[in-house]
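Coordinates in review
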Amino acid sequence: MSKIKSMAETPKHAPMNQFEVADNCLRIGGQPLVDLARQVGNTPFYAYDRTVMRSQVEQLRAALPAEIHLHYAMKANPMPEVVRYLAGITEGLDVASAGELKVALEAGAKPANISFAGPGKSDADLQAAVDSGVIINMESNAEMLRIAALVEGQPIRPRVAIRINPDFELKSAGMKMGSGPKPFGVDAECVPAMLETLGTLPLEFMGFHIFSGSQNLREQAIIEAQTKTFELAFRLAQFAPSPVRWLNIGGGLGVPYFPGEQRLDLASIGANLSSLIETAQEKLPGAEIVMELGRYLAAEAGIYVCEVVDRKVSRGQTFLITNGGLHHHLAASGNFGQIIRKNYPLCLGNRISADELEVVNVVGPLCTPLDVLGNKVILPRAGPGDLIVVFQSGAYGFSASPKDFLSHPHPTEILL
Ligand SMILES: *Cc1c(COP(=O)(O)O)cnc(C)c1O
């Protein structure tokens, strides 16, 4: 008992209050989790609650200036139903492969509102992008020449933007994607020369894409990066062959995963963006300003649910062995970009609280010590048949996991 008490004093996860609890059971999509599990018919499964996605969009709309258009970056969660839903409540989609492009078009997004980024686009990727008329975020000078070669002799001018590898860094981003030597985008200092070439090619110049990083939970770092993003765009616009009509300022807004992390306060970010937009209206008149978000829109809305199969004690530690693990949810196991493994927020979905708590390790069925969902977590006493819920699982979950590793069945995904 003293062990539990001392752990209770260590930093806590942010409250997962995007979901309700009634009768000691988690509710999602307006129903108790146990009913949903019965309806799905098997575990493990992913469930995504559209009302939570909508609420994330609404919070952004309330805090950010109205001029900012929101795009959903599909790689966070490419489930077609999720993409269709988010396409309907945002201004567009960002895709990173011909496969994602197909889903985006089927979801009903207009080609003019889709942008296609990603280093190493194949000729098939580029052809699909050209054929559909989406904005191609060019990642290199060579890619620009390949696009021009694809349409040589044809009366088509593909819409293009230059993805810029900025000359500043997004401080404290979980995953840095800009500054220094990077495979993404064109180094800012090389952009003027590329723009000069672009002016001679049969391409329709749209503007710039500047994405500096992901999973940032520090408002001040985001504000600084966004300010520098606009300054960089203003500077480089002077070298453009035609006015900038489109500026994608990236996203990078984080969500709390680990103990001690808090949800972002959007107010200060919104206030800074309002003043940046004012300057942009002067310096880039008429340009559409886009913010692209994946995780922020999808992560909070999703849970991963697996079932306890076995319970055992090994040399003083209790293990709950479940039918879910890293093959379905690599990120929650700590093997998707974490340096020091930390627990995602977990609960026992069918019995949120109990008098009898215990410290347990929640693991998956794979024959590898990496298959951990919870290391020394405090849960009500649980056993076979109980449902373990991993929160913050709506982004970078199933599609970012090695689903065939050990050949277990794939989980069901359901949008509620
Ligand atoms: C991955 C990615 C995103 C989405 O990042 P999130 O952290 O999920 O919001 C946006 N833009 C680009 C270019 C990306 O590669």
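Residues numbered from 1 in each chain as written. Predicted model: local features only at pLDDT ≥ 70, side-chain atom pairs only at ≥ 80, totals over all residues. Heavy atoms only, no water.

1. Observations concerning the site of the ligand
Rules: Proximity is defined per residue: if any heavy atom of the residue lies within 4 Å of a molecule or strand, that residue is considered near it. For the purposes of these results, a polar contact is taken to be a pair of N or O atoms within 3.5 Å, where, inside protein, one atom must be able to donate a hydrogen and its partner to accept one; residues adjacent in sequence count only when each atom of the pair is a side-chain atom. What sets the accessible areas is the Shrake-Rupley method with a 1.4 Å probe; for residues, cover comes only from the shown protein chains. Residues are grouped as follows: Ala, Val, Leu, Ile, Met, Phe, Trp, Tyr, Cys and Pro are nonpolar; Asp, Glu, Lys and Arg are charged; all remaining types, including Gly, are polar.
Inspection of the region around the ligand gives 12 residues, with K75, S214, E292, R295 and Y396 positioned closest. A distance of 2.5 Å separates an oxygen atom of the ligand from a polar atom in the side chain of S214. At 2.8 Å, a side-chain N or O of E292 approaches a nitrogen atom of the ligand. Here the ligand, which alone exposes 390 Å², has 92% of that area covered by the protein. Considered class by class, the residues forming the shell around the ligand number five nonpolar, three polar and four charged.

2. Details of the sheet that holds strand β1 (residues 20-22)
The following threshold applies: By definition, two strands form a pair when at least two bridges between them are found by DSSP. Helical segments are the DSSP runs of H or I of at least four residues, strand segments are the runs of E of at least two, and each set is numbered from the N terminus.
Reading across the sheet, the three strands line up as β1-β2-β3 and stay open at both edges, with antiparallel pairing between neighbours. Sheet topology places β1 and β3 (31-32) at the edges, where each strand pairs with a single neighbour.

3. Some points on the nonpolar core
Quick note on the threshold: Side-chain atoms within 4.5 Å link the members of a nonpolar core, which is a set of buried Ala, Val, Leu, Ile, Met, Phe, Trp, Tyr and Cys residues. Note on classification: 1.4 Å probe, protein chains only; a residue is buried when its accessible area is under 20% of the maximum for its type, exposed when over 50%, partly exposed between these limits. The source of the domain bounds is an automatic or database domain assignment. Note on contacts: a residue pair qualifies if any of its non-hydrogen atoms lie within 4.5 Å across the two residues.
Within the largest apolar cluster, 130 residues are counted, with the highest numbers of intra-cluster contacts made by L33, Y72, I162, F208, L253 and I303. Take this core: its biggest share by element is nine residues, from helix α9 (residues 219-237). When residues are assigned to domains, this core turns out to be shared by domain 1 (3-49 + 302-415) and domain 2 (78-293), each giving three or more. Those residues within four positions of I162 in sequence are excluded, and the remaining contacts are M138, V186, V191, M194, L195, L198, G207, F208 and H209.

4. Some points on the packing of helix α3 (residues 50-63) against helix α4 (residues 80-89)
Rules: Whenever a helix is involved, its axis is fitted only over the stretch in contact; in every case the axis is a line through C-alpha atoms, and angles between N-to-C directions fall within 0 to 180 degrees. Each angle receives one of four descriptions, namely roughly parallel if under 35 degrees, roughly antiparallel if over 145, roughly perpendicular if within 65 to 115, and oblique otherwise. Should the near helix be turned counterclockwise from the far one by less than a right angle, the crossing is left-handed, whereas a clockwise turn marks it as right-handed.
The interhelical angle for the contact between α3 and α4, taken along N-to-C directions, is 30°, at an axis separation of 11 Å. Judged by the angle between their axes, α3 and α4 are roughly parallel. For α3 against α4, the interelement crossing comes out right-handed. Contact residues: R50, M53, R54, V57 and R61 in α3; V82, Y85, L86 and I89 in α4. Looking at the contact of α3 with α4 residue by residue, the classes come out as six nonpolar, no polar and three charged.

5. Here's the deal with helix α6 (residues 123-132)
Here α6 has its buried residues at D125, L126, A129, V130 and S132. Looking at the buried residues of α6, the elements they touch are α5 (98-106), β7 (114-116), β8 (135-138) and α7 (141-150).

6. Regarding unusual backbone geometry
Geometrically, the link from T43 to P44 is a cis peptide bond, its omega value of -5° lying close to zero. In this fold, P44 is placed in the loop between α2 (33-40) and β4 (45-48). Non-glycine residue R315 carries a positive phi angle of around 45°. When you line up the elements, R315 lands in the loop between β16 (302-314) and β17 (317-322).

7. Some words on the side chain of T227
In this fold, T227 is placed in helix α9. Apart from the residues lying within four places of it in its own chain, the contact partners of T227 are N272 and L276.

8. Comments concerning the packing of aromatic side chains
Which entries qualify depends on this criterion: By convention, a stacked pair of Phe, Tyr or Trp rings (six-membered ring in the case of Trp) has centres within 6.5 Å and planes under 30 degrees apart, an edge-to-face pair has planes over 60 apart, and any other such pair is tilted. Counting as a charge over the ring demands two things of the Lys NZ or Arg CZ atom: a distance within 6 Å of the ring centre and an angle within 35 degrees of the ring normal.
A full pass over the atoms with the stated rule returns 10 aromatic pairs. Ring plane angle 25° and centroid distance 6.1 Å describe the contact between F19 and F391, whose orientation is recorded as stacked. Here the residue F19 occupies a position in the loop between α1 (2-8) and β1, and F391 occupies one in the loop between β21 (387-390) and β22 (412-415), the gap between them amounting to 372 residues. Of the residues examined, F19 reaches a relative accessible area of 5% and is grouped as buried. Ring pairs connect the aromatic residues Y46, Y48, Y304 and F398, which therefore count as one cluster. Note that R50 overlies the ring of Y85, its terminal NZ or CZ placed 5.2 Å from the centroid.

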